[in-house]
Amino acid sequence: VQLQASGGGLVQAGGSLRLSCAASGRTHSFRAMGWFRQTPGKEREFVAAMFLEGSGGMPYYADSVKGRFTISRDNALNTVHLQMNNLKPEDTASYYCAATATGLRIQLRSTYKNWGQGTVVTVSS
């Protein structure tokens, strides 16, 4: 299984970026995917997550990004996106996508066993 994250970059405060995470390999067991972020010296923190099947499940967001970030999926392409609007300098971090075969507690970092490489987001003030 491989998770390939892309879309990071440098943007001014108030701007937008769209991150993508493409999953390949034995992805049929995945039930949920999520985004986490990490800055130097800090633990990796939850950003957003969603289930990959069904239409009734609500996505989950960290309080710090609610109303600004939107997670979405493209099941045909095994891809999850993170649309980030109204970016703030405190959103600067390396962003990691992750996938899990479990359907519980998808906001927790420990739930995820499959991780992609980070993509760097830098928001200038």
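Everything quoted here is computed from the prediction, not taken from an experiment.

> How should the sheet that holds strand S7 (residues 69-74) be read in this particular structure?
Whenever strands of a sheet pair, they do so through backbone hydrogen bonds, lying parallel or antiparallel. One open sheet holds the four strands; their spatial order is S1-S3-S8-S7, and the pairing between them is antiparallel. Both outer strands of the open sheet, strand S1 (2-6) and S7, are each paired with one neighbouring strand and no more. Taken over all neighbouring pairs, the strand axes of this sheet differ in orientation by 15° on average, direction set aside. Direction of pairing for S7 relative to strand S8 (residues 79-84): antiparallel, over a ladder of six bridges. Each residue of the ladder has a partner; that of Ile-71, found in S8, is Leu-82.

> Sorry if this is basic, but what is going on with the nonpolar core here?
Nonpolar side chains in soluble globular proteins tend to be buried together. The biggest cluster of nonpolar side chains holds 36 residues, and the ones touching the most others in it are Trp-35, Leu-82, Met-84 and Tyr-95. Those elements that provide at least two residues to this core are S1, strand S3 (17-24), strand S4 (32-38), strand S5 (45-51), S7, S8, strand S9 (93-100) and strand S11 (119-124). The residues touching Leu-82, leaving out its near neighbours within four places in the chain, are Leu-17, Arg-18, Leu-19, Trp-35, Val-47, Ala-48, Phe-69, Thr-70, Ile-71 and Tyr-95.

> Help me out: how do you make sense of the packing of aromatic side chains in this one?
The relative placement of two aromatic rings is captured by the distance of their centres and the angle of their planes. Taken as a whole and assessed by the stated rule, the structure comprises four aromatic pairs. The ring of Tyr-96 has Arg-44 sitting right over it, with the charged end atom 3.6 Å from the ring centre. Against the face of Trp-115 rests Arg-44, its NZ or CZ located 4.9 Å from the ring centre.

> Would you take a moment to explain the environment of Cys-21 for this structure?
The topology assignment puts Cys-21 in strand S3. Considered as a pair, Cys-21 and Trp-35 are 14 residues apart in the sequence and their alpha carbons are 9.0 Å apart. Residues within four places of Cys-21 in sequence aside, it is in contact with Leu-3, Gln-4, Ala-5, Met-33, Trp-35, Asn-78, Thr-79, Val-80 and Cys-97.

Each value, and the rule that gives it
Counting restarts for each chain: residues are numbered from 1 in the order of the written sequence. At least 70 in pLDDT is required for a residue's local features to be given in this predicted model, at least 80 for side-chain atom pairs to be given and counted, and no such filter applies to totals for whole chains, interfaces and linings, which use all residues. Hydrogens and waters are ignored; side-chain quantities use all the structure's heavy atoms. Two strands pair under a simple rule: DSSP has to find at least two bridges between them. Here a helix means four or more residues in a row that DSSP labels H or I, a strand means two or more in a row labelled E, and each is numbered from the N terminus. Lines fitted to C-alpha atoms define the axes, with helix axes restricted to the stretch in contact, and inter-axis angles between N-to-C directions lie between 0 and 180 degrees. The definition of a nonpolar core used throughout is a set of buried Ala, Val, Leu, Ile, Met, Phe, Trp, Tyr and Cys residues joined through side-chain atoms within 4.5 Å. Note on classification: 1.4 Å probe, protein chains only; a residue is buried when its accessible area is under 20% of the maximum for its type, exposed when over 50%, partly exposed between these limits. In this description, contact between two residues means that some pair of their heavy atoms is separated by no more than 4.5 Å. Between the rings of Phe, Tyr and Trp (Trp by its six-membered ring), a pair exists once the centres lie within 6.5 Å; its type follows the angle of the planes, with under 30 degrees stacked, over 60 edge-to-face, and the other angles tilted. Whether a charge sits over a ring comes down to the Lys NZ or Arg CZ being within 6 Å of the ring centre and within 35 degrees of the ring normal.

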